[in-house]
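# Remarks on the overall topology
Given next are the chains, with one letter for each unit.
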Amino acid sequence: MTTRRTRPAPRPPEGTPPPAELARQARAVLADAVRIAHWAADGTSTGSAPLAARTLERAAAALALAPAQVQAGWDRARLAGLIELHGDTARPGWRLRAWDRDDSAVLRGWVALFDAWSLVHASPDGIEATAVAEAVEAVPQVLSLLQLSAGPVTVPALLDLLGQRVAELHEERCEVPYGPQEQPAPTGAEPADLNALLLDWALEGLASVGALTLGAGHATLTPLGNWAVWVKLEQICVAAQSPAGNIEQSAADMLLGCARLTPGPARAEYRAWLAARPVGSAVAELLAVARGEDALLRGLAFEALRVVGAPAEPVVRSVVTEAPLRPYALLWLAEYEGTDPDDAQDVLSREEATWLWVDTAAAVADHGETGLLVRHLDSAVQGTVPALLDEVRAVGHPRTVQVLVALAAAHPDPALAKAVRRAAFQVHTGGV
(Lines give C-alpha, C1' and ligand atoms only; values in the text may rest on other atoms or scores of the structure.)
Protein backbone atom coordinates (compact mmCIF):
# COMPACT_ATOMS: atom_id res chain seq x y z
CA MET A 1 0.00 0.00 0.00
CA THR A 2 1.39 3.38 -0.96
CA THR A 3 0.45 6.90 -0.10
CA ARG A 4 0.43 9.64 -2.69
CA ARG A 5 2.37 12.75 -1.81
CA THR A 6 0.64 15.98 -2.70
CA ARG A 7 2.13 19.39 -3.20
CA PRO A 8 1.35 21.58 -0.19
CA ALA A 9 -0.70 24.66 -0.89
CA PRO A 10 1.52 27.67 -1.57
CA ARG A 11 1.79 30.15 1.27
CA PRO A 12 1.34 33.87 0.72
CA PRO A 13 4.48 36.03 0.86
CA GLU A 14 5.77 36.78 4.33
CA GLY A 15 4.01 39.76 5.80
CA THR A 16 0.73 39.21 3.93
CA PRO A 17 -2.13 40.08 6.30
CA PRO A 18 -4.59 37.31 7.21
CA PRO A 19 -7.75 37.02 5.08
CA ALA A 20 -9.87 38.80 7.68
CA GLU A 21 -7.62 41.88 7.53
CA LEU A 22 -7.51 41.79 3.72
CA ALA A 23 -11.30 41.60 3.68
CA ARG A 24 -11.49 44.58 6.05
CA GLN A 25 -9.34 46.58 3.63
CA ALA A 26 -11.50 45.47 0.68
CA ARG A 27 -14.65 46.55 2.53
CA ALA A 28 -13.09 49.96 3.08
CA VAL A 29 -12.29 50.34 -0.63
CA LEU A 30 -15.85 49.42 -1.58
CA ALA A 31 -17.66 51.21 1.27
CA ASP A 32 -19.42 53.76 -0.97
CA ALA A 33 -20.27 51.05 -3.51
CA VAL A 34 -21.90 48.97 -0.77
CA ARG A 35 -23.95 51.95 0.45
CA ILE A 36 -25.16 52.66 -3.06
CA ALA A 37 -25.89 48.97 -3.69
CA HIS A 38 -28.05 48.76 -0.55
CA TRP A 39 -29.88 51.93 -1.58
CA ALA A 40 -30.44 50.66 -5.12
CA ALA A 41 -31.51 47.19 -3.99
CA ASP A 42 -34.35 48.38 -1.78
CA GLY A 43 -36.83 47.54 -4.54
CA THR A 44 -37.83 51.13 -5.29
CA SER A 45 -34.97 52.06 -7.62
CA THR A 46 -34.42 51.54 -11.29
CA GLY A 47 -30.98 51.06 -12.73
CA SER A 48 -29.12 51.59 -15.96
CA ALA A 49 -25.58 52.01 -17.20
CA PRO A 50 -24.91 54.83 -16.56
CA LEU A 51 -27.50 55.88 -14.00
CA ALA A 52 -30.28 58.11 -15.29
CA ALA A 53 -29.97 61.72 -14.16
CA ARG A 54 -33.10 61.56 -12.03
CA THR A 55 -31.98 58.42 -10.22
CA LEU A 56 -28.53 59.92 -9.77
CA GLU A 57 -30.01 62.98 -8.07
CA ARG A 58 -32.22 60.87 -5.80
CA ALA A 59 -29.27 58.72 -4.74
CA ALA A 60 -27.03 61.72 -4.15
CA ALA A 61 -29.66 63.33 -1.91
CA ALA A 62 -30.42 60.12 -0.01
CA LEU A 63 -26.76 59.23 0.61
CA ALA A 64 -25.33 62.74 1.00
CA LEU A 65 -22.85 62.14 -1.80
CA ALA A 66 -21.93 64.15 -4.87
CA PRO A 67 -23.49 62.85 -8.12
CA ALA A 68 -20.03 61.93 -9.42
CA GLN A 69 -19.42 59.84 -6.29
CA VAL A 70 -22.75 58.09 -6.77
CA GLN A 71 -22.01 57.23 -10.40
CA ALA A 72 -18.53 55.98 -9.50
CA GLY A 73 -19.91 53.89 -6.64
CA TRP A 74 -22.67 52.53 -8.86
CA ASP A 75 -20.15 51.40 -11.47
CA ARG A 76 -18.00 49.75 -8.80
CA ALA A 77 -21.01 48.02 -7.25
CA ARG A 78 -21.92 46.49 -10.59
CA LEU A 79 -18.37 45.42 -11.41
CA ALA A 80 -17.86 43.89 -7.95
CA GLY A 81 -21.08 41.88 -8.18
CA LEU A 82 -22.84 43.82 -5.43
CA ILE A 83 -25.73 44.81 -7.67
CA GLU A 84 -27.23 43.23 -10.75
CA LEU A 85 -29.53 44.70 -13.37
CA HIS A 86 -32.54 42.69 -14.46
CA GLY A 87 -34.06 44.81 -17.19
CA ASP A 88 -34.48 48.21 -15.55
CA THR A 89 -34.65 46.79 -12.02
CA ALA A 90 -31.64 46.77 -9.69
CA ARG A 91 -31.34 43.73 -7.45
CA PRO A 92 -28.78 42.82 -4.79
CA GLY A 93 -26.07 40.45 -5.97
CA TRP A 94 -25.23 37.43 -3.87
CA ARG A 95 -22.03 39.12 -2.68
CA LEU A 96 -24.01 42.00 -1.19
CA ARG A 97 -26.09 39.54 0.82
CA ALA A 98 -22.92 37.90 2.11
CA TRP A 99 -20.90 41.10 2.50
CA ASP A 100 -20.93 41.43 6.29
CA ARG A 101 -20.34 37.77 7.09
CA ASP A 102 -18.29 36.17 4.29
CA ASP A 103 -14.70 37.39 3.90
CA SER A 104 -14.19 35.14 0.86
CA ALA A 105 -17.12 36.80 -0.94
CA VAL A 106 -15.69 40.22 -0.10
CA LEU A 107 -12.26 39.33 -1.46
CA ARG A 108 -13.74 37.87 -4.63
CA GLY A 109 -15.76 41.03 -5.13
CA TRP A 110 -12.68 43.17 -4.74
CA VAL A 111 -10.68 40.96 -7.14
CA ALA A 112 -13.49 41.38 -9.70
CA LEU A 113 -13.10 45.16 -9.31
CA PHE A 114 -9.31 44.86 -9.54
CA ASP A 115 -9.60 42.90 -12.79
CA ALA A 116 -11.85 45.66 -14.16
CA TRP A 117 -9.61 48.61 -13.21
CA SER A 118 -9.49 49.81 -16.83
CA LEU A 119 -13.30 50.15 -16.80
CA VAL A 120 -13.30 51.97 -13.47
CA HIS A 121 -10.81 54.64 -14.55
CA ALA A 122 -11.54 56.24 -17.92
CA SER A 123 -8.63 56.22 -20.37
CA PRO A 124 -7.09 59.56 -21.43
CA ASP A 125 -8.84 61.44 -24.22
CA GLY A 126 -7.36 61.41 -27.70
CA ILE A 127 -5.56 58.07 -27.47
CA GLU A 128 -6.35 55.29 -29.92
CA ALA A 129 -8.18 52.29 -28.52
CA THR A 130 -5.40 49.99 -29.77
CA ALA A 131 -2.79 51.79 -27.67
CA VAL A 132 -5.03 51.64 -24.61
CA ALA A 133 -5.62 47.91 -25.14
CA GLU A 134 -1.87 47.29 -25.42
CA ALA A 135 -1.27 49.10 -22.15
CA VAL A 136 -3.93 47.00 -20.43
CA GLU A 137 -2.25 43.84 -21.75
CA ALA A 138 1.13 45.04 -20.49
CA VAL A 139 -0.05 45.93 -16.98
CA PRO A 140 0.25 42.34 -15.59
CA GLN A 141 4.01 42.54 -16.24
CA VAL A 142 4.15 45.83 -14.34
CA LEU A 143 2.20 44.32 -11.46
CA SER A 144 4.50 41.28 -11.39
CA LEU A 145 7.54 43.54 -11.03
CA LEU A 146 5.86 45.43 -8.22
CA GLN A 147 4.96 42.19 -6.44
CA LEU A 148 8.38 40.60 -6.82
CA SER A 149 10.11 43.78 -5.68
CA ALA A 150 8.19 43.67 -2.37
CA GLY A 151 8.45 47.44 -2.00
CA PRO A 152 8.46 50.73 -3.90
CA VAL A 153 9.45 50.65 -7.58
CA THR A 154 10.41 53.83 -9.41
CA VAL A 155 8.19 55.08 -12.18
CA PRO A 156 11.09 55.09 -14.72
CA ALA A 157 11.65 51.37 -14.05
CA LEU A 158 7.95 50.66 -14.54
CA LEU A 159 7.89 52.79 -17.69
CA ASP A 160 10.86 50.90 -19.12
CA LEU A 161 9.10 47.58 -18.50
CA LEU A 162 5.83 48.84 -19.99
CA GLY A 163 7.65 50.03 -23.13
CA GLN A 164 9.42 46.68 -23.48
CA ARG A 165 6.18 44.75 -23.12
CA VAL A 166 4.34 46.93 -25.65
CA ALA A 167 7.21 46.42 -28.11
CA GLU A 168 6.99 42.65 -27.52
CA LEU A 169 3.26 42.75 -28.25
CA HIS A 170 3.99 44.49 -31.57
CA GLU A 171 6.56 41.82 -32.45
CA GLU A 172 4.23 38.97 -31.47
CA ARG A 173 1.62 40.41 -33.85
CA CYS A 174 4.15 40.99 -36.62
CA GLU A 175 3.55 44.72 -36.40
CA VAL A 176 7.20 45.72 -36.81
CA PRO A 177 7.13 48.12 -39.81
CA TYR A 178 9.27 47.33 -42.84
CA GLY A 179 9.68 48.83 -46.29
CA PRO A 180 8.24 52.22 -47.30
CA GLN A 181 5.58 53.36 -44.85
CA GLU A 182 2.98 56.07 -45.09
CA GLN A 183 3.54 58.68 -42.44
CA PRO A 184 0.67 58.54 -39.96
CA ALA A 185 -1.15 61.67 -39.00
CA PRO A 186 0.51 63.30 -36.00
CA THR A 187 -1.01 62.24 -32.68
CA GLY A 188 0.66 64.87 -30.58
CA ALA A 189 2.74 62.35 -28.62
CA GLU A 190 5.89 60.37 -29.33
CA PRO A 191 5.82 56.64 -28.38
CA ALA A 192 7.78 57.26 -25.18
CA ASP A 193 5.47 60.11 -24.20
CA LEU A 194 2.45 57.97 -25.04
CA ASN A 195 3.72 55.12 -22.86
CA ALA A 196 4.33 57.56 -20.01
CA LEU A 197 0.79 58.88 -20.33
CA LEU A 198 -0.65 55.37 -20.39
CA LEU A 199 1.47 54.26 -17.43
CA ASP A 200 0.21 57.24 -15.41
CA TRP A 201 -3.34 56.27 -16.35
CA ALA A 202 -2.79 52.63 -15.36
CA LEU A 203 -1.17 53.46 -12.04
CA GLU A 204 -3.93 55.94 -11.20
CA GLY A 205 -6.56 53.35 -12.14
CA LEU A 206 -4.95 50.66 -10.01
CA ALA A 207 -4.60 53.11 -7.14
CA SER A 208 -8.29 54.02 -7.46
CA VAL A 209 -9.30 50.40 -6.77
CA GLY A 210 -6.92 50.06 -3.83
CA ALA A 211 -4.28 47.90 -5.51
CA LEU A 212 -1.34 50.28 -5.08
CA THR A 213 -0.26 53.60 -3.64
CA LEU A 214 1.58 56.35 -5.47
CA GLY A 215 4.47 58.30 -3.97
CA ALA A 216 6.91 60.86 -5.30
CA GLY A 217 8.15 59.09 -8.41
CA HIS A 218 7.38 55.55 -7.27
CA ALA A 219 4.55 53.06 -6.80
CA THR A 220 4.00 50.37 -4.16
CA LEU A 221 1.45 47.57 -4.04
CA THR A 222 -0.95 47.69 -1.12
CA PRO A 223 -1.35 44.50 0.93
CA LEU A 224 -4.52 43.81 -1.07
CA GLY A 225 -2.77 44.36 -4.39
CA ASN A 226 0.23 42.29 -3.34
CA TRP A 227 -2.02 39.41 -2.30
CA ALA A 228 -4.12 39.58 -5.47
CA VAL A 229 -1.09 39.57 -7.78
CA TRP A 230 0.45 36.70 -5.82
CA VAL A 231 -2.79 34.73 -6.12
CA LYS A 232 -2.80 35.26 -9.89
CA LEU A 233 0.87 34.34 -10.18
CA GLU A 234 0.30 31.15 -8.21
CA GLN A 235 -2.94 30.43 -10.11
CA ILE A 236 -4.79 29.51 -6.99
CA CYS A 237 -8.34 30.30 -6.07
CA VAL A 238 -10.00 31.13 -2.77
CA ALA A 239 -12.79 28.58 -2.77
CA ALA A 240 -15.41 27.43 -0.32
CA GLN A 241 -14.43 24.30 1.59
CA SER A 242 -16.71 21.31 1.95
CA PRO A 243 -18.36 21.40 5.37
CA ALA A 244 -18.66 18.26 7.47
CA GLY A 245 -22.01 16.65 8.12
CA ASN A 246 -23.78 17.63 4.90
CA ILE A 247 -26.88 15.66 5.82
CA GLU A 248 -27.75 18.18 8.55
CA GLN A 249 -26.97 21.28 6.51
CA SER A 250 -29.31 23.59 4.64
CA ALA A 251 -29.67 22.96 0.92
CA ALA A 252 -27.26 25.78 0.07
CA ASP A 253 -24.57 24.59 2.49
CA MET A 254 -25.02 20.97 1.41
CA LEU A 255 -24.60 21.87 -2.26
CA LEU A 256 -21.57 24.02 -1.53
CA GLY A 257 -20.10 21.16 0.45
CA CYS A 258 -20.53 18.86 -2.55
CA ALA A 259 -19.12 21.31 -5.09
CA ARG A 260 -15.64 19.76 -5.07
CA LEU A 261 -16.85 16.14 -5.20
CA THR A 262 -16.87 14.01 -8.34
CA PRO A 263 -20.35 13.08 -9.65
CA GLY A 264 -20.63 9.70 -7.92
CA PRO A 265 -19.83 10.83 -4.37
CA ALA A 266 -21.87 13.99 -4.91
CA ARG A 267 -24.96 11.96 -5.86
CA ALA A 268 -24.48 9.83 -2.74
CA GLU A 269 -24.44 13.00 -0.64
CA TYR A 270 -27.58 14.26 -2.39
CA ARG A 271 -29.38 10.95 -1.69
CA ALA A 272 -28.42 11.01 1.99
CA TRP A 273 -29.57 14.62 2.35
CA LEU A 274 -32.87 13.93 0.57
CA ALA A 275 -33.55 10.79 2.65
CA ALA A 276 -33.40 12.85 5.84
CA ARG A 277 -36.32 15.15 4.95
CA PRO A 278 -39.76 15.08 3.25
CA VAL A 279 -39.38 15.11 -0.52
CA GLY A 280 -41.74 18.06 -1.03
CA SER A 281 -39.90 20.37 1.33
CA ALA A 282 -36.53 19.17 -0.01
CA VAL A 283 -37.52 20.01 -3.58
CA ALA A 284 -38.86 23.40 -2.52
CA GLU A 285 -35.63 24.17 -0.65
CA LEU A 286 -33.48 23.18 -3.64
CA LEU A 287 -35.53 25.39 -5.97
CA ALA A 288 -35.25 28.29 -3.53
CA VAL A 289 -31.46 27.94 -3.76
CA ALA A 290 -31.68 27.75 -7.56
CA ARG A 291 -33.53 31.08 -7.58
CA GLY A 292 -30.71 32.73 -5.67
CA GLU A 293 -27.81 34.77 -7.01
CA ASP A 294 -25.11 32.09 -6.92
CA ALA A 295 -24.88 30.45 -10.35
CA LEU A 296 -22.84 27.50 -9.05
CA LEU A 297 -25.55 26.59 -6.56
CA ARG A 298 -28.20 26.97 -9.27
CA GLY A 299 -26.55 24.30 -11.39
CA LEU A 300 -25.89 22.02 -8.41
CA ALA A 301 -29.51 22.35 -7.24
CA PHE A 302 -30.72 20.88 -10.51
CA GLU A 303 -28.12 18.11 -10.23
CA ALA A 304 -29.63 17.23 -6.85
CA LEU A 305 -33.13 17.39 -8.38
CA ARG A 306 -32.03 14.75 -10.92
CA VAL A 307 -31.57 12.39 -7.97
CA VAL A 308 -35.12 13.15 -6.79
CA GLY A 309 -36.56 12.03 -10.14
CA ALA A 310 -40.32 11.70 -10.69
CA PRO A 311 -41.52 13.49 -7.52
CA ALA A 312 -39.75 16.65 -8.70
CA GLU A 313 -41.16 16.60 -12.25
CA PRO A 314 -44.31 18.74 -11.71
CA VAL A 315 -42.41 21.40 -9.78
CA VAL A 316 -39.54 21.54 -12.30
CA ARG A 317 -42.07 21.85 -15.11
CA SER A 318 -43.72 24.76 -13.31
CA VAL A 319 -40.50 26.84 -13.27
CA VAL A 320 -39.95 26.68 -17.03
CA THR A 321 -41.50 30.15 -17.25
CA GLU A 322 -38.87 31.65 -14.93
CA ALA A 323 -36.12 32.99 -17.23
CA PRO A 324 -33.07 32.28 -15.01
CA LEU A 325 -34.24 28.70 -14.35
CA ARG A 326 -35.66 27.91 -17.80
CA PRO A 327 -32.51 26.43 -19.42
CA TYR A 328 -31.85 24.23 -16.40
CA ALA A 329 -35.47 23.10 -16.19
CA LEU A 330 -35.66 22.27 -19.92
CA LEU A 331 -32.50 20.17 -19.71
CA TRP A 332 -33.81 18.40 -16.59
CA LEU A 333 -37.12 17.59 -18.28
CA ALA A 334 -35.44 16.40 -21.47
CA GLU A 335 -33.25 13.98 -19.56
CA TYR A 336 -36.17 12.88 -17.37
CA GLU A 337 -38.16 12.07 -20.51
CA GLY A 338 -35.35 9.87 -21.84
CA THR A 339 -33.20 12.16 -23.96
CA ASP A 340 -29.51 11.25 -23.89
CA PRO A 341 -27.68 13.83 -21.71
CA ASP A 342 -25.25 14.45 -24.57
CA ASP A 343 -28.17 15.42 -26.85
CA ALA A 344 -30.25 17.30 -24.28
CA GLN A 345 -28.74 20.67 -25.25
CA ASP A 346 -30.71 20.45 -28.50
CA VAL A 347 -33.91 21.36 -26.62
CA LEU A 348 -32.55 24.83 -25.87
CA SER A 349 -32.97 27.77 -28.19
CA ARG A 350 -29.81 29.63 -29.12
CA GLU A 351 -30.71 32.44 -26.69
CA GLU A 352 -31.34 29.96 -23.87
CA ALA A 353 -28.05 28.19 -24.58
CA THR A 354 -26.22 31.51 -24.50
CA TRP A 355 -27.86 32.50 -21.22
CA LEU A 356 -26.81 29.13 -19.76
CA TRP A 357 -23.26 29.63 -21.06
CA VAL A 358 -22.99 33.00 -19.27
CA ASP A 359 -24.55 31.59 -16.08
CA THR A 360 -22.11 28.68 -16.07
CA ALA A 361 -19.22 31.05 -16.74
CA ALA A 362 -20.35 33.14 -13.75
CA ALA A 363 -20.22 30.00 -11.59
CA VAL A 364 -16.70 29.24 -12.82
CA ALA A 365 -15.57 32.85 -12.30
CA ASP A 366 -16.93 32.83 -8.74
CA HIS A 367 -15.79 29.40 -7.61
CA GLY A 368 -13.45 27.83 -10.16
CA GLU A 369 -9.98 28.17 -11.56
CA THR A 370 -9.01 30.47 -14.41
CA GLY A 371 -8.12 27.54 -16.67
CA LEU A 372 -11.69 26.25 -16.43
CA LEU A 373 -13.03 29.62 -17.53
CA VAL A 374 -10.79 29.61 -20.60
CA ARG A 375 -11.82 26.04 -21.50
CA HIS A 376 -15.47 27.00 -21.03
CA LEU A 377 -15.18 28.94 -24.31
CA ASP A 378 -15.15 25.63 -26.18
CA SER A 379 -18.63 24.75 -24.91
CA ALA A 380 -20.32 27.75 -26.56
CA VAL A 381 -22.78 26.87 -29.32
CA GLN A 382 -21.72 29.81 -31.51
CA GLY A 383 -18.50 28.23 -32.75
CA THR A 384 -16.55 31.49 -33.00
CA VAL A 385 -15.62 34.03 -30.35
CA PRO A 386 -16.98 37.06 -32.29
CA ALA A 387 -20.36 35.36 -32.69
CA LEU A 388 -20.36 34.39 -29.02
CA LEU A 389 -19.58 37.93 -27.90
CA ASP A 390 -22.34 39.37 -30.12
CA GLU A 391 -24.94 37.02 -28.64
CA VAL A 392 -23.66 37.33 -25.09
CA ARG A 393 -24.08 41.10 -25.33
CA ALA A 394 -27.64 40.64 -26.61
CA VAL A 395 -28.84 38.05 -24.11
CA GLY A 396 -28.88 40.49 -21.18
CA HIS A 397 -27.54 38.24 -18.42
CA PRO A 398 -26.89 40.39 -15.31
CA ARG A 399 -23.41 38.90 -14.83
CA THR A 400 -22.22 39.53 -18.42
CA VAL A 401 -19.69 42.27 -17.64
CA GLN A 402 -18.09 40.37 -14.76
CA VAL A 403 -17.85 37.18 -16.82
CA LEU A 404 -16.23 38.96 -19.76
CA VAL A 405 -13.78 40.85 -17.54
CA ALA A 406 -12.77 37.61 -15.78
CA LEU A 407 -12.39 35.81 -19.12
CA ALA A 408 -10.24 38.59 -20.54
CA ALA A 409 -8.03 38.52 -17.44
CA ALA A 410 -7.62 34.75 -17.69
CA HIS A 411 -7.18 34.15 -21.42
CA PRO A 412 -3.58 33.74 -22.67
CA ASP A 413 -4.33 34.97 -26.23
CA PRO A 414 -3.79 38.77 -26.20
CA ALA A 415 -5.91 39.41 -29.29
CA LEU A 416 -8.85 37.41 -27.98
CA ALA A 417 -8.53 38.97 -24.52
CA LYS A 418 -8.63 42.42 -26.12
CA ALA A 419 -11.83 41.57 -28.01
CA VAL A 420 -13.43 40.26 -24.83
CA ARG A 421 -12.43 43.37 -22.89
CA ARG A 422 -13.92 45.53 -25.64
CA ALA A 423 -17.19 43.62 -25.37
CA ALA A 424 -17.17 44.04 -21.59
CA PHE A 425 -16.66 47.76 -22.00
CA GLN A 426 -19.54 48.00 -24.47
CA VAL A 427 -21.91 46.16 -22.14
CA HIS A 428 -20.72 48.17 -19.15
CA THR A 429 -21.32 51.50 -20.87
CA GLY A 430 -24.55 50.45 -22.55
CA GLY A 431 -22.94 50.61 -26.00
CA VAL A 432 -23.26 48.23 -28.91
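Residues numbered from 1 in each chain as written. Predicted model: local features only at pLDDT ≥ 70, side-chain atom pairs only at ≥ 80, totals over all residues. Heavy atoms only, no water.

A residue-level look at the protein finds 86% of positions with pLDDT of 70 or above and a mean pLDDT of 80. Confidence, read as mean pLDDT per element, is least for strand β1 (residues 83-86) in the protein (73) and greatest for helix α1 (residues 19-29) (94). This stretch, residues 235-244, has a pLDDT under 50; its non-local contacts, to residues over four places away or in other chains, come to 19 contacts. (pLDDT = per-residue confidence, 0-100. Helix = DSSP H or I, 4+ residues; strand = E, 2+ residues; numbered from the N terminus. Contact = heavy atoms within 4.5 Å.)

Time to look at the environment of alanine 53. Checked against the element boundaries, alanine 53 lands in helix α3 (residues 53-63). Of the residues examined, alanine 53 reaches a relative accessible area of 53% and is grouped as exposed. Separated by 18 residues in sequence, alanine 53 and glutamine 71 place their C-alpha atoms 9.9 Å apart. (Buried < 20%, exposed > 50% of the residue type's maximum accessible area, 1.4 Å probe, protein only.)

What follows is about unusual backbone geometry. Within the chain, alanine 64 stands out as a residue other than glycine whose phi angle is a positive 55 degrees. Within the element layout of this structure, alanine 64 appears in the loop between α3 and α4 (67-79). At alanine 150, a residue that is not glycine, the phi angle is positive and equals roughly 55 degrees. In this structure, alanine 150 sits in the loop between α8 (129-149) and β3 (153-154). Residue alanine 150 is classed as exposed on the basis of its relative accessible area, which comes to 70%.

Quick look at the packing of helix α15 (residues 295-308) against helix α17 (residues 326-336) now. Following both chains from N to C, one finds α15 and α17 inclined at 20 degrees, their axes separated by 11 Å at the closest point. With respect to their mutual orientation, α15 and α17 come out roughly parallel. Classified by chirality, the crossing of α17 by α15 is right-handed. In this structure, α15 uses Ala295, Arg298, Gly299, Phe302, Leu305 and Arg306 to contact α17, whose residues at the interface are Tyr328, Ala329, Leu331, Trp332 and Glu335. Class assignment for the residues of the contact of α15 with α17 results in seven nonpolar, one polar and three charged. (Axes fitted to C-alpha atoms, helices over the stretch in contact; angles between N-to-C directions. Parallel < 35°, antiparallel > 145°, perpendicular 65-115°, else oblique. Left-handed = near helix turned anticlockwise from the far one by under 90°. Nonpolar A, V, L, I, M, F, W, Y, C, P; charged D, E, K, R; others polar.)

It is worth spelling out the sheet that holds strand β5 (residues 218-221) at this point. Read from one edge of the open sheet, three strands run β3-β5-β4, paired in antiparallel fashion. One side of each edge strand has no neighbouring strand; the edge strands of this open sheet are β3 and β4 (212-214). (Pairing = 2+ DSSP bridges.)

Our next topic: the packing of α8 against helix α22 (residues 414-429). The contact between α8 and α22 brings their axes to 10 Å, and the two run at 115 degrees. One finds that α8 runs roughly perpendicular with respect to α22. Between α8 and α22 lies a crossing whose hand is right-handed. Each of Thr130, Ala133, Val136 and Glu137 in α8 lies in contact with α22, whose residues at this interface are Pro414, Lys418 and Arg421. Of the residues contributing to the contact of α8 with α22, the split by class is three nonpolar, one polar and three charged.

Turning our eyes to something else, we now look at the packing of aromatic side chains. All chains considered together, the criterion is met by four aromatic pairs. Centroid distance tryptophan 117 to tryptophan 201: 4.9 Å. Interplanar angle 50 degrees. Geometry classified as tilted. Here tryptophan 117, found in helix α7 (residues 117-120), pairs with tryptophan 201, found in helix α10 (residues 191-208); they are 84 residues apart in sequence, far enough to count as distant. Pair check on accessibility: tryptophan 117 and tryptophan 201 agree, each one buried. Here tryptophan 332 and tyrosine 336 contribute two aromatic rings whose centre-to-centre distance is 5.2 Å and whose plane-to-plane angle is 15 degrees, an arrangement assigned as stacked. Of this pair, tryptophan 332 and tyrosine 336 both sit in helix α17, four residues apart, which is roughly one turn of that helix. Classification of tryptophan 332 by relative accessible area gives buried; the value is 2%. (Phe/Tyr/Trp six-rings, centres within 6.5 Å; stacked < 30°, edge-to-face > 60°.)

Here we come to the pairing of β5. Along any regular strand, the residues point their side chains to alternate faces of the sheet. Strand direction decides the pairing type here: β3 and β5, joined by two bridges, are antiparallel. In the sheet register, threonine 154 faces β5, and the bridge partner there is histidine 218. The sheet contact formed by β4 and β5 spans three bridges and is antiparallel. Bridging across to β5, threonine 213 finds its partner in threonine 220. In this antiparallel pair of consecutive strands, β4 and β5, the connection spans three residues, and glycine 217 shows a positive phi of 80 degrees.

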